[in-house]
Each structure stands twice: as structure tokens, then as C-alpha cells.
Amino acid sequence: EAEVAQSPRYKITEKSQAVAFWCDPISGHATLYWYRQILGQGPELLVQFQDESVVDDSQLPKDRFSAERLKGVDSTLKIQPAELGDSAMYLCASSAPGDTEAFFGQGTRLTVV
Amino acid sequence: SQQGEEDPQALSIQEGENATMNCSYKTSINNLQWYRQNSGRGLVHLILIRSNEREKHSGRLRVTLDTSKKSSSLLITASRAADTASYFCAANTGNQFYFGTGTSLTVIP
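Quick summary incoming for the structure in this document. (Residues numbered from 1 in each chain as written. Chains lettered and ligands numbered in written order. Predicted model: local features only at pLDDT ≥ 70, side-chain atom pairs only at ≥ 80, totals over all residues. Heavy atoms only, no water.)

Quick look at the interface of chain B and chain A
Alright, step 1. On the side of chain A, 23 residues touch chain B, which itself brings 22 residues to the contact.
Alright, step 2. For the chain B and chain A pair, buried surface summed over both sides reaches about 1800 Å², with 42% attributable to carbon and sulfur atoms.
Alright, step 3. If you look at where chain B meets chain A, you find seven residue pairs in polar contact (both at pLDDT 80 or more).
Alright, step 4. Counting only elements with at least two residues in the side of chain B that touches chain A, the list comes to β4 (31-37), β5 (43-50), β9 (85-92) and β10 (97-99) of chain B.
Alright, step 5. A breakdown of the residues in the side of chain B that touches chain A according to their chemical character gives six nonpolar, 14 polar and two charged. (Contact = heavy atoms within 4.5 Å. Buried area = accessible area lost by both parts, 1.4 Å probe. Polar contact = N/O pair within 3.5 Å; in protein donor to acceptor, adjacent residues only side chain to side chain. Helix = DSSP H or I, 4+ residues; strand = E, 2+ residues; numbered from the N terminus. Nonpolar A, V, L, I, M, F, W, Y, C, P; charged D, E, K, R; others polar.)

So, in C-alpha cells, the structure goes:
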């Protein structure tokens, strides 16, 4: 069964260091989302891609976060420098066009110490 | 920012009982979806109800939608210990998904 792949599953980093997360969506899904989920809360959208183009990055803290999807397939989310408040689960999801569901990866649990 | 709220925030029931959770959202939608999340894992899609539908069933799940009140409810019947998880509603505008704050459900064996 097709699934969204994310790596790493867990990441511990020191504050001020750089960290990167990778996501490979389901084949053929043009839309890719990165969400941040703080413990006990719902996912909040950081950035949305349609193919290789950014559709919405209004909630992305652009001074430290960047995201790319160069060939319109897999994507990387980077944080530099990481701050303590960035500790959260980072979820990637993808969806097909139309009235469909989003498929989520297992997420990357980031802990900044 | 979150576009939806769920209530209750937490719910604890005995196995075999029914669980009802409610969702309110703020935007106009194409559909409303419910997702489940086990601790430390990604979200799994449960059911989708379109804006022109009022009720939908899938197995032990029943979802209702009232677009005039911008609200939805999810009913899980005959709950099982394995239903223990967090449940989120997601308002789909056609372009984006806006998730609620979630209901944490505990089913006691």
C-alpha cells in the first residue's frame, strides 16, 4: 500500500544547530503539506506545495525555516538555527487533486535541547 | 492558526459504550474530514462528508454535518480499547485542510 515516507522518525538537536527533515509523498500526489504539531494540539500548516511551487507559506517562520520541493516530488524542510520552541512533531502529508483525503507520514519528532 | 475546535478535549468511556465528539469550524468548506492519531504517530483518515451531505456512516462510525452551524459530530459506536486515540476534524476548503484542536478518547477495557 502506498504511503508517505518521512525521515528521520526522531531527531534531537541542540539549539542554534541546523536540522532537516525529508518527505517522500505518495506517487502522483501533486499537493504536499508540511504541518507542525505541538503536543496536545492539532496540526498547523507550515507550507503547502502544488508540484514544485509554494501555494501557501504564510505560517512559515521564514527567518529560520525553509522548504523546497525542487522536482515536484520529495521535499525537505529545514530549520536553521533551531530554537527550544521548535520542539514538536513535524508531519508531512500529500493529497491528490479533488475532493480527497490527505495521507500523512509517521512524522518526525524533533526535540531541541 | 487553528480553524477548528473540538469538544470535549478529553473523553473517557467504558468499552462497549458510544463516544461522541463535536467539531466547530470557521471557514466555508468543500468537505469535512475526521482523522485519528495514535500517540506519537501520523494521522489516519477515517471518514469524509461533503458539504451537501448531512450524515454519513462507515462501519462503527457515524458523522453528521451542519453547514449552517459550521459544526460536525463523530459518533463511534460499541467502542473498543483499540479506539483509544486522538481524533481530529479537518475542514477542507478545496485548497487546504484546517485541523481542529482534537479530542483525546480513552476507552477503558
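Side note on unusual backbone geometry
Alright, step 1. With an omega of -5 degrees, the peptide bond running from A:Ser7 to A:Pro8 counts as cis.
Alright, step 2. Residue B:Pro8 is reached from B:Asp7 by a cis peptide bond, and omega for that bond is 5 degrees.
Alright, step 3. Notably, B:Lys70 is not glycine yet its phi reads approximately 50 degrees, a positive angle.
Alright, step 4. Owing to a relative accessible area of 29%, B:Lys70 belongs among the partly exposed residues under this scheme.
Alright, step 5. For B:Ala78, which is not glycine, the phi torsion reads 45 degrees and is therefore positive.
Alright, step 6. Considering the arrangement of structural elements, one finds B:Ala78 in the loop between β8 (71-76) and β9.
Alright, step 7. Note on B:Ala78: relative accessible area 39%, which makes it partly exposed. (Buried < 20%, exposed > 50% of the residue type's maximum accessible area, 1.4 Å probe, protein only.)

Focus: the packing of aromatic side chains
Alright, step 1. Taken as a whole and assessed by the stated rule, the structure comprises eight aromatic pairs over all chains.
Alright, step 2. With centroids separated by 5.4 Å and ring planes inclined at 90 degrees, the aromatic side chains of A:Tyr35 and B:Phe99 adopt a geometry described as edge-to-face. Here B:Phe99 lies in strand β10 and A:Tyr35 lies in strand β4 (residues 31-37), a pairing that spans two chains.
Alright, step 3. For A:Tyr35, a relative accessible area of 1% gives the class buried. (Phe/Tyr/Trp six-rings, centres within 6.5 Å; stacked < 30°, edge-to-face > 60°.)

Some details on the sheet that holds strand β1 (residues 4-7) of chain B
Residues and elements named next belong to chain B.
Alright, step 1. The sheet built from five strands is open, its strands ordered β1-β3-β8-β7-β6 with antiparallel pairing. Both outer strands of the open sheet, β1 and β6 (55-58), are each paired with one neighbouring strand and no more. With strand direction ignored, the average angle separating the axes of adjacent strands in the sheet is 15 degrees.
Alright, step 2. As paired strands, strand β7 (residues 61-66) and β8 are joined by six bridges and run antiparallel to one another. Residue pairing for β8: Leu 61 is matched across the bridge by Ile 76. (Pairing = 2+ DSSP bridges. Axes fitted to C-alpha atoms, helices over the stretch in contact; angles between N-to-C directions.)

Digging into the pattern of salt bridges
All names here are of chain A.
Alright, step 1. Applying the stated criterion across every chain, the model contains six salt bridges over all chains.
Alright, step 2. One salt bridge connects Glu 83 with Arg 64, and the closest N-O pair in it is separated by 3.3 Å. Residue Glu 83 is located in the loop between β8 (75-79) and β9 (88-95), and its partner Arg 64 is located in the loop between β6 (53-56) and β7 (65-68); the two are separated by 19 residues in the primary sequence. (Salt bridge = Lys/Arg side-chain N within 4 Å of Asp/Glu carboxyl O.)

A short note on the sheet that holds strand β1 (residues 5-7) of chain A
To summarise the sheet geometry, strands pair through backbone hydrogen bonds and adopt either a parallel or an antiparallel arrangement.
Residue and element names in this part refer to chain A.
Alright, step 1. Spatial strand order, β1-β3-β8-β7: four strands in an open sheet with antiparallel pairing. Edge positions in the sheet fall to β1 and β7, since each has one partner strand and no second. On average, adjacent strands in this sheet sit at an angle of 15 degrees to one another, irrespective of strand direction.

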